[in-house]
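Observations on the three-dimensional arrangement
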Amino acid sequence: MDLFDYVRETSKEKESPLAARLRPTTLDEVVGQQHIIGKDKLLYRAIKADKLGSIIFYGPPGTGKTTLAKVIANTTSAEFKQINATVAGKKDMEVVVKEAKDLLGMYQKKTILFVDEIHRFNKGQQDYLLPFVEDGTLILIGATTENPYFEVNGALISRSSIFELKPLEKEDIKTLLLRAVNDEKKGMGTFHADITEEALDFLADIAGGDARNALNAIELGVLTTERSEDGKIHITLDVAAECIQKRAVRYDKTGDNHYDTISAFIKSMRGSDPDAAVYYLAKMLYAGEDVKFIARRIMICASEDVGNADPMALTVAVSASQAVERIGMPESQIILSQAASYVACAPKSNAACNAIFEAMESVRTVRTTVPTHLQDAHYKGSAKLGHGIGYKYAHDYPNHYVDQQYLPDEIAGSSFYRPGDLGYEKEIKSHLEEIRK
């Protein structure tokens, strides 16, 4: 490293974004991802023992993929090389491979190659790495936000361990934010700032598991907020909301407000108020609620509160649920709005809902036996026991209906499903009355 390189690296350490400066250098400093780096986990033991094989880190942005690679770089005795697939080409890989071969041949020293955004490499570029991973010239660490089983060469996948990183928990984000505010060496402790609990909760919640997003916001807040009369920089809820460019909505995804809002959403659909339903939907989406959770609630309401009064309600809700999983935000808000407003406007009936609850109670309290004429006559020896004898095949009778007992003798005459008088269920009720005359 010459003088210019030294100056450049020193300057980069001071001027780089907070999220980069705050990156841990040891495993014990890493926050979150305990499902893969807990002290009893394989990856933790492999890093500690410096016995890594090729691995691929897969997960959303800001969850620590590059961080873990940097930790490995600081703990391994192997040579550590890093390239980014968005800008690197085959020539860059050829240089790394040549150096790796020289190190292995002369010093028996292994080389770890970290490829960030590995899914950006085309098939040919990925194929180039394969023989060197296979013969041990390189230990590959790949990082990707895309599903590696779709985006990474199958041969590389088969020679690597896949570790999926999850969005950081809210408490993990809060830990990082407090570290950022108070750490004088890596963080912004020398600015003598503090952050209110309300602002901390808001940033941790709105970050959606992305540590980089939260750290960028706190850095902006500290750098742009004027000091108060006490000489300190106070990061309040208003400051936090402004820095992340999103108005603070009083909405805690694990607290009372979460349950109050989803309750109001469901009750608005049940109460046939599409305006209120869409409003509460917007409030949840704005606050970062999981779209899959919202879709599940719409599906439940479509069956519980609409039921057979409009059978299409469940179809719309299920289609919406599948669509939001494939599409994601922001377009999913349109799909959810369509489903919620449809369910809200649909005629209502809870007859099917009541039917299953009453039937379950009957099953719980009354011991019954399937009537003999309904029992299976095809199983070995069943016919000789009289099973199925006397059964009337409905399609052999007018209107494909014949009066016949289907309920067990013990509860014969019981009624569970009682269709209402709205929507399609009115037709169901009329049909049943007609054929039962």
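All values derive from a computational prediction rather than experimental measurement. (Residues numbered from 1 in each chain as written. Predicted model: local features only at pLDDT ≥ 70, side-chain atom pairs only at ≥ 80, totals over all residues. Heavy atoms only, no water.)

**What to know about the overall build of the protein chain**
Along its length, the protein chain carries 20 helices and seven strands. In summary, the protein chain has a C-alpha radius of gyration of 31 Å against a globular reference of 22 Å for 437 residues, an excess of more than 25%. Summarising its shape, the C-alpha atoms of the protein chain cover approximately 100 × 65 × 35 Å along the three principal directions. Counting every atom, the protein chain has about 24700 Å² of accessible surface; 52% of that belongs to carbon and sulfur. (Helix = DSSP H or I, 4+ residues; strand = E, 2+ residues; numbered from the N terminus. Rg over C-alpha atoms; globule rule 2.2 N^0.38 Å. Areas by Shrake-Rupley, 256 points an atom, 1.4 Å probe, with all protein chains shown as cover.)

**Considerations on the nonpolar core**
For soluble globular proteins, the rule of thumb is that nonpolar side chains tend to be buried together. The biggest cluster of nonpolar side chains holds 34 residues, and the ones touching the most others in it are Ile173, Leu177, Ile195, Phe202, Leu203, Leu215 and Ile218. Those elements that place two or more of their residues in this core are helix H2 (18-21), helix H10 (170-182), strand S6 (193-195), helix H11 (197-206), helix H12 (211-224), strand S7 (233-235) and helix H13 (237-243). If we ignore the near neighbours within four places in the chain, the residues touching Ile173 are Leu168, Leu203, Ala204, Ala207, Gly209, Asp210, Ala211 and Ala214. Of all hydrophobic cores here, the second largest spans 28 residues; its members include Ile298, Cys301, Ala340 and Val343. (Core = buried A, V, L, I, M, F, W, Y, C linked by side-chain atoms within 4.5 Å. Buried < 20%, exposed > 50% of the residue type's maximum accessible area, 1.4 Å probe, protein only. Contact = heavy atoms within 4.5 Å.)

**Some words on the side chain of Glu219**
Topologically, Glu219 is positioned in helix H12. Ignoring any residue separated from it by four or fewer positions in sequence, one finds Glu219 in contact with Pro17, Leu18, Arg21 and Met188.

**Focus: the pairing of strand S4 (residues 138-144)**
Counting buried positions along S4 yields seven of seven residues, so the element is predominantly enclosed. Where burial is concerned, the two faces of S4 agree: the one with Leu138, Leu140, Gly142 and Thr144 and the one with Ile139, Ile141 and Ala143 are both buried. The pairing of strand S3 (residues 111-116) with S4 spans six bridges and is parallel. In the strand pairing of S4, Asp116 is matched with Ala143. (Pairing = 2+ DSSP bridges.)

**A word on unusual backbone geometry**
Of note, the amide linkage connecting Met329 to Pro330 takes the cis form, showing an omega dihedral of 10 degrees. On the secondary structure map, Pro330 appears in the loop between helix H17 (312-327) and helix H18 (332-345). A positive phi is found at Asp50, a non-glycine position, where the angle reads about 55 degrees. Note that Asp50 resides in the loop between helix H4 (42-49) and strand S1 (55-58). The exposure class of Asp50 is partly exposed, given its relative accessible area of 29%.

**Details of a nonpolar patch on the surface**
Residues Ile356, Phe357 and Met360 make up a contiguous nonpolar surface patch of roughly 340 Å² in combined accessible area. Positionally, Ile356 belongs in helix H19 (residues 351-365). (Patch = residues over 30% accessible without salt bridge, like charges linked within 9 Å, V, L, I, M, F, W, Y side chains within 5 Å. Salt bridge = Lys/Arg side-chain N within 4 Å of Asp/Glu carboxyl O.)

**Focus: H17**
Between its first and last C-alpha, H17 extends 22 Å over 16 residues, near the 22 Å set by a 1.5 Å rise per residue. Buried within H17 we find Ala313, Val316, Ala317, Ala320, Ser321 and Val324. For H17, the arc enclosing every buried residue in end-on projection is 140 degrees, short of the 170-degree limit, so these residues lie on one face. Exposed residues pointing more than 90 degrees away from the buried face of H17 are listed as Glu325 and Arg326. At the C-terminal side of H17, Gly328 shows a positive phi close to 75 degrees. (Expected span 1.5 Å × (residues − 1). Arc of directions from axis to C-beta.)

**Side note on the state of the cysteines**
What the rule picks out here adds up to zero disulfides. For Cys301, which is in no disulfide, the shortest distance to another cysteine sulfur is to Cys353 and amounts to 11 Å. By relative accessible area, which is 1% here, Cys301 ends up buried. (Disulfide = S-S within 2.5 Å.)

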